[in-house]
Amino acid sequence: MKIKFEKSKYPVFKISFWIIFVCSIFLILNIIRLNKYYFKIYSQRTIYPITVNLSSTRPINKTLFFCFNDYCKSPQNSSVFPGASGTYSVYSTSYSEDDEGFFSSKIEKISFSYPKEHENILKSIERIDFYTKNKVYSYSYDDIKNIKAKEVLIDIKKEGEKPYNLVTFKELNNYPEILKTFIILYLSLFFSWKFFIIPYAWLGIIFIWAILNKNEIKLNRKTIFVVFMSVIVLFGLCVFYIKFDPSNKSINEYESFIELDSKNHKDCLIYALTVNKNKPKGKNVIWHYVDLKDKKPMEKIKGDFIEKNKKAVLYFNDSIVDVTMASIFNPKIKIYPAANSINAKIIYE
């Protein structure tokens with residue numbers, strides 16, 4: 001019996017090649033769709049955490065809420081010893097990776113709500129600061145009262161539904177513009193390659209297969225070169241945009257905090273600690289360089305305030321001083337959590 005092999009009239013290899021190729025591309029796009037909020041390139045992300053600080057002229061003993069879309073959290077007094085930190089309190093909360101559902105959707109709407117029956121609470125608010133997208137958004141009492149409030153019912157455990165006034169900050173969200181989102185997702189194909197290891201393996205196998213079977217599939221070298229160079233050039237432009245464009249760099253939350261908060265202390269001398277030998281340039285701010293080896297940096301310059309016998313404010317953050325520990329020994333220290341650090345100040349009178 002003689003066995004005869006005949007060439008198949010069906011281009012099995014070509015069909016298999018394109019099926020695997022299309023499936024690989026589809027899988028890559030699906031991985032991006034399912035994981036798009038996990039990607040982070042340098043300091044840039046497809047969604048950002050949100051930190052909120054509410055500064056009040058007096059302690060607030062009523063339940064307040066900050067709502068991120070429909071997910072609401074009640075701010076807590078950020079002082080270690082609430083009520084002992086001076087003339088007003090700071091209430092803080094955040095929406096971050098620690099919150100369930102953070103990576104499932106972006107925040108389109110950020111709101112602040114307070115009990116309708118206690119509308120005078122609004123008058124005690126000095127300002128609300130939002131840290132997100134590497135920026136600080138600050139709203140004074142005048143800004144907040146000029147936003148039209150909407151009455152809503154909020155179901156509070158053990159208390160039932162209660163009427164609340166809801167103030168929505170329409171211009172706030174936690175995601176970048178479309179161009180930056182596209183760039184981050186494109187760069188994730190390289191920087192977050194572990195997400196795509198399966199489709200990349202498929203593509204590698206079929207291209208090696210194609211090279212070994214030149215007669216079945218003829219690869220156009222010119223087209224391959226153009227595509228390859230386009231990918232490299234686009235990669236370089238995207239990295240430059242993300243890494244070197246000044247508008248994309250992370251803000252200095254510490255300096256921005258001082259700039260915003262010092263406006264409330266126009267009658268004070270403004271001091272700030274820094275670990276930067278090239279002291280920042282700030283209007284009306286007296287900067288003190290601190291060596292991180294110093295165990296008591298605040299004590300070393302405390303004499304400045306005593307000698308001048310004037311009211312003063314000293315600013316510092318957790319990269320310079322252990323803020324939590326310092327506030328235990330000095331309850332007058334006010335703590336202001338930020339997106340990437342903890343800022344603080346103490347008033348000397």
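Our subject is the structure that appears above.
From a predicted model like this one, the values you see are computed outputs, not experimental measurements.

Visitor: Talk me through the pairing of strand β4 (residues 65-68); I want residue IDs and the actual numbers.
Guide: Going residue by residue along β4, you find F65 and C67 tucked away on one face and F66 and F68 tucked away on the opposite face as well. In this structure, β4 lies alongside strand β8 (residues 110-115), joined through 4 bridges in antiparallel fashion. Paired with F65 across the bridge in β8 is S113. Between the end of β4 and the start of strand β5 (residues 71-73), which pair antiparallel, lie 2 residues, with N69 showing a positive phi angle near 60 degrees.

Visitor: Give a detailed account of the sheet that holds strand β12 (residues 160-169), specifying residues and quantitative values.
Guide: Reading across from one edge, β5-β4-β8-β12-β11 is the order of the 5 strands in this open sheet, with antiparallel pairing throughout. Sheet topology places β5 and β11 (150-156) at the edges, where each strand pairs with a single neighbour. On average, adjacent strands in this sheet sit at an angle of 35 degrees to one another, irrespective of strand direction. By the bridge criterion, 7 bridges tie β11 to β12 in an arrangement that is antiparallel. Note on β12: the bridge partner recorded for K150 is L166.

Visitor: Report on the side chain of Q44, specifying residues and quantitative values.
Guide: Looking at the element boundaries, Q44 is found in strand β2 (residues 44-45). At 3.0 Å, the side chain of Q44 and the side chain of S43 are in polar contact.

Visitor: Please provide a residue-by-residue account of a nonpolar patch on the surface, values included.
Guide: Nonpolar side chains collect at one region of the surface, where F225, V226, F228, M229, I232, V233 and L237 lie side by side and expose about 680 Å² of accessible area between them. The topology assignment puts F228 in helix α5 (residues 221-244).

Visitor: Run through the packing of helix α3 (residues 178-191) against α5, naming residues and quoting values.
Guide: Taken N-terminus to C-terminus, the directions of α3 and α5 make an angle of 120 degrees; their axes are 10 Å apart at the nearest point. Relative to α5, the element α3 lies oblique. Two packed elements cross with a definite hand, and for α3 against α5 that hand is left-handed. Of α5, the residues touching α3 (which contributes L179, K180, I183, I184, Y186, L187, F190 and F191) are V231, L234, F235, C238, V239, Y241 and I242. For the contact of α3 with α5, the class distribution of residues is 14 nonpolar, no polar and 1 charged.

Visitor: Describe the pattern of salt bridges, naming the residues involved and giving the relevant values.
Guide: On inspection of all chains with the given rule, the structure shows 10 salt bridges. Across the pair E97 and R45 runs a salt bridge, and its minimum N-O distance is 2.7 Å. With a gap of 52 residues between them, E97 in the loop between β7 (89-95) and β8 and R45 in strand β2 connect regions that are remote in the sequence. Residue classification places R45 among the buried positions, given a relative accessible area of 11%.

Visitor: Which residues make up helix α4 (residues 197-212), and what values go with them?
Guide: The end-to-end C-alpha distance of α4, which contains 16 residues, comes to 23 Å, matching closely the 22 Å that a straight helix rising 1.5 Å per residue would cover. All of the buried residues in α4 are P199, L203, I206 and A210. For α4, the angular spread of the buried residues around the axis is 70 degrees, confining them to a single face. The exposed set on the far side of α4, more than 90 degrees from its buried face, consists of I205, I208 and L212. Of the surrounding secondary structure, the elements contacted by the buried residues of α4 are α1 (12-35).

Visitor: Kindly report on the packing of aromatic side chains, identifying the contributing residues and their values.
Guide: Going through the model one piece at a time under the given rule, you end up with 28 aromatic pairs. On the numbers, 5.9 Å between centres and 90 degrees between planes, the contact of F17 with F207 is edge-to-face. One end of the pair, F17, is in helix α1; the other, F207, is in helix α4, and 190 residues separate them in sequence. Given a relative accessible area of 34%, F207 falls into the partly exposed group. Taken together, the aromatic side chains of Y38, F68, Y71, Y95, F102 and F103 make up a single cluster linked through ring pairs. The ring of Y175 has K106 sitting right over it, with the charged end atom 4.3 Å from the ring centre.

Definitions and limits used
Residues numbered from 1 in each chain as written. Predicted model: local features only at pLDDT ≥ 70, side-chain atom pairs only at ≥ 80, totals over all residues. Heavy atoms only, no water. Buried < 20%, exposed > 50% of the residue type's maximum accessible area, 1.4 Å probe, protein only. Helix = DSSP H or I, 4+ residues; strand = E, 2+ residues; numbered from the N terminus. Pairing = 2+ DSSP bridges. Axes fitted to C-alpha atoms, helices over the stretch in contact; angles between N-to-C directions. Polar contact = N/O pair within 3.5 Å; in protein donor to acceptor, adjacent residues only side chain to side chain. Patch = residues over 30% accessible without salt bridge, like charges linked within 9 Å, V, L, I, M, F, W, Y side chains within 5 Å. Areas by Shrake-Rupley, 256 points an atom, 1.4 Å probe, with all protein chains shown as cover. Salt bridge = Lys/Arg side-chain N within 4 Å of Asp/Glu carboxyl O. Parallel < 35°, antiparallel > 145°, perpendicular 65-115°, else oblique. Left-handed = near helix turned anticlockwise from the far one by under 90°. Contact = heavy atoms within 4.5 Å. Nonpolar A, V, L, I, M, F, W, Y, C, P; charged D, E, K, R; others polar. Expected span 1.5 Å × (residues − 1). Arc of directions from axis to C-beta. Phe/Tyr/Trp six-rings, centres within 6.5 Å; stacked < 30°, edge-to-face > 60°. Lys NZ or Arg CZ within 6 Å of the ring centre and 35° of its normal.

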